Amino acid sequence: MSSTSQKHRDFVAEPMGEKPVGTLAGIGDVLGKKLEEKGFDKAYVVLGQFLVLRKDEELFREWLKETCGANAKQSRDCAGCLREWCDAFL
Amino acid sequence: MSPAFALPKMVARGGCGGPLPRWRLHFPTGRALPVGPGVSAAAMAELTDAELRKELIALGYRPGPITATTRKVYVKKLGCLRAEVAAARRRGRGAPSSPARTPARPQQASPSRQRSGFTSPVGAARDSEEEDEEDEEDEEGGQPPASRWGTFVLLLIFLGILTVKMIGSGWLDRREDNFNLLPVDCDKRTDDFCQAKQKDVIMNVLHELYKYLSVQAGNFECGNPENLKSKCIWVSEAKDHVVNITGSSPQKFEAALHWILNSNKDLGIWLKGRDLSEPVTKVEEVFCLESAHPQMGLGCRFRRAVVTAIMNLFLFFWSLITLWGILIFLRYRWRKMEEEEQAMYEMVKKIIAVVQDHYKEWERNLERYPYVGIFHVRDSLIPPQSRKKMKRVWERAVDFLASNESRIQTESHRVAGEDMLVWRWTQPSYVSDSEH
């Protein structure tokens, strides 16, 4: 439990609905803005990208780095968060 | 960020973001496309989506949809995979690889191999596999001899015990016979030498007689091929046979019989007189001889043992079942009796109620007589279809009332022109009833 942040736990606890992309673990204000500029304004759109990449975490992290310049930790947190959400709700 | 710069970084990280199946390194794709560091990123970027997809699949990776957003990532992935294949082939060329062995066991050793990063040559793995197989074979070959020896020894022991048991008793008896030192009648010639010789002869005769009798008894018990009438052999027959075999005179035979009569030990030969119940005291009384230890074959003994065991079991179970049956029967009887008693008491209660009601109605001038016929009561209490069934209960109830109920009196009156037994309620109505 201690390895996951509060943001992660909050996100994974319930269906994401219309939550903004900033609620994803690892995605702060800066990254959130960059993603929104690219068109990924809601968390579910990022989820869509994750699913299109067949839930491959490595590829998703690569993509996240490409798209908004996330570092290793941020991309790892985001990918882990989405994966757990998928395990729970998908 | 151009993929060209990114490529070496990814290779250095190792793993490249996806597991490559082992066999791919030994069977690289037979495509015409050159593989190696010479392939430029631009060439890869020119591939159409379909071609990119095909390339990825050929290298064993299954991509998702190639869209605008995912294309760049997949191109990078393709480059990474190609670099891995090239590196593996270069390393693979160093040590000879036999494709025949490794495909047989890719799954078992794959985790360790991936970890080692293909440093351990394939040959070493192959050697260990061969050793494993040989070890298994040796182990398998070693075990049967040990277990075979063990079973053999056990079998020998078992057979030994069996033979001892089979031959046992007769053999022991014969030994005992030989060590006996009872005095024997001598032929009035010399003392010591004569005695010893006589004893030997008689022992011999007895031995032959014993053998003969036991064989005959055994034959009689097991199938009776000679159609003997009984186990008891005529004296004359036994005498003839023994005299023929030993070549001694009939007097020796009679001396032997005398000896048997005089000895206290159990020699395994029974002498029977004409009258079977009386014991034989003189040699002349002996009518027939019987062996106490019939000699039977193993199969015969086994059969008899099995039959005896089964018979015993049968008898045991039969007696058990009989006892159980008796128990159940007794319980049933007891229960039936209880039920009858209950029925009788019920009937008695009903009768008392009817008679009392009748009396009360007479007091209120609704009835003509204070008494009521017994048969009328019966017919009003028991419906016609159960009158026969309840006959016993009814009669018991009537007897009970006659003997135990003081409030009801049995009288004989003329009712409707007919003399019949009636019941009359005699208790005055202001005394309370024990029932209420």
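Parameters and conventions
- In this convention, every chain numbers its residues from 1, walking through the sequence in written order.
- Here chains are named by letter from A upward and ligands by number from 1 upward, in the order in which they appear as written.
- Given that this is a predicted model, residues contribute local features only at a pLDDT of at least 70 and side-chain atom pairs are listed and counted only at 80 or more, while totals for whole chains, interfaces and linings are drawn from all residues.
- In computing side-chain values, all of the structure's heavy atoms are included and hydrogens and water are not.
- UniProt positions are given in the numbering used here, feature names are shortened, and annotations may be inferred rather than shown by experiment.
- Any carboxyl oxygen of Asp or Glu within 4 Å of a side-chain nitrogen of Lys or Arg constitutes a salt bridge here.
- Strands are runs of DSSP state E lasting at least two residues, helices are runs of H or I lasting at least four, and both sets are numbered from the N terminus onward.
- Only protein chains enter the calculation, and the probe is 1.4 Å; a residue is then buried if its accessible area is under 20% of its type maximum, exposed if over 50%, and partly exposed in between.
- Geometry is summarised by axes, namely lines fitted to C-alpha atoms with helices restricted to the contacting stretch, and by angles between N-to-C directions that run from 0 to 180 degrees.
- Note on terminology: angles under 35 degrees are roughly parallel, angles over 145 are roughly antiparallel, angles of 65 to 115 are roughly perpendicular, and the others are oblique.
- Only heavy atoms matter for contacts: two residues are in contact if any of them lie within 4.5 Å across the pair.
- Classes in brief: Ala, Val, Leu, Ile, Met, Phe, Trp, Tyr, Cys and Pro nonpolar; Asp, Glu, Lys and Arg charged; the others, Gly included, polar.
- For the charge count, each Lys or Arg is scored as positive and each Asp or Glu as negative, with His and the chain ends excluded.
- Working note: the arc is built from the helix axis to C-beta atom directions.

Naming follows an unreviewed UniProt entry, where chain B appears as LEM domain-containing protein 2 of Grus japonensis. Turning to chain B, the UniProt annotation filed under Subunit (unreviewed entry) states: "Interacts (via N-terminus) with LMNA isoform C (via C-terminus) (in vitro). Interacts (via LEM domain) with BANF1. Interacts (via C-terminus) with CHMP7. Interacts (via N-terminus) with tubulin; the interaction causes microtubule bundling and stabilization (in vitro)."

Chain A is annotated in an unreviewed UniProt entry as Barrier-to-autointegration factor from Grus japonensis. The heading Sequence similarities (unreviewed entry) in the UniProt record of chain A holds the text "Belongs to the BAF family."

### Some details on the pattern of salt bridges
Applying the stated rule across the entire model yields 19 salt bridges over all chains. The shortest N-O distance in the salt bridge between Glu66 of chain A and Lys72 of chain B comes to 3.3 Å. Taken together, the positions of Glu66 of chain A in helix α4 (residues 57-68) and Lys72 of chain B in helix α5 (residues 68-94) put the pair across two chains. A salt bridge links Glu341 of chain B to Arg396 of chain B, with the shortest nitrogen-to-oxygen separation between them at 3.2 Å. Taken together, the residues Glu341 of chain B in helix α11 (residues 298-363) and Arg396 of chain B in helix α13 (residues 391-404) connect sequence positions 55 residues apart. When its relative accessible area of 32% is taken as the criterion, Glu341 of chain B is described as partly exposed. Owing to a relative accessible area of 24%, Arg396 of chain B belongs among the partly exposed residues under this scheme. Linked by salt bridges that have partners in common, Glu62 and Glu66 of chain A together with Lys72 and Lys76 of chain B make up one network.

### Focus: the packing of helix α3 (residues 43-52) of chain A against helix α5 (residues 72-89) of chain A
Residue and element names in this part refer to chain A. Following both chains from N to C, one finds α3 and α5 inclined at 85°, their axes separated by 11 Å at the closest point. As far as their axial angle goes, α5 and α3 are roughly perpendicular. Of α5, the residues touching α3 (which contributes Val46, Leu47, Phe50 and Leu51) are Ala79, Leu82, Arg83, Trp85 and Cys86. When its residues are assigned to classes, the contact of α3 with α5 shows eight nonpolar, no polar and one charged.

### Structural notes on the side chain of Glu208 of chain B
Residue and element names in this part refer to chain B. By the secondary structure assignment, Glu208 is in helix α8 (residues 192-221). Among buried charged residues, Glu208 stands out as having no salt bridge; its nearest opposite-charge side chain is Lys211, 4.0 Å away. Setting aside residues up to four positions removed in sequence, Glu208 forms contacts with Val242, Ile245 and Thr246.

### Observations concerning helix α2 (residues 29-38) of chain A
Residue and element names in this part refer to chain A. Among all positions of α2, only Leu31, Gly32 and Leu35 are buried. Down the axis of α2, the buried set is contained in an arc of 100°. They therefore lie on one face. Those residues of α2 that are exposed and aimed more than 90 degrees away from the buried face are Asp29, Val30, Lys33 and Glu37. Once α2 ends, the next one or two residues include Gly39, with phi positive near 110°.

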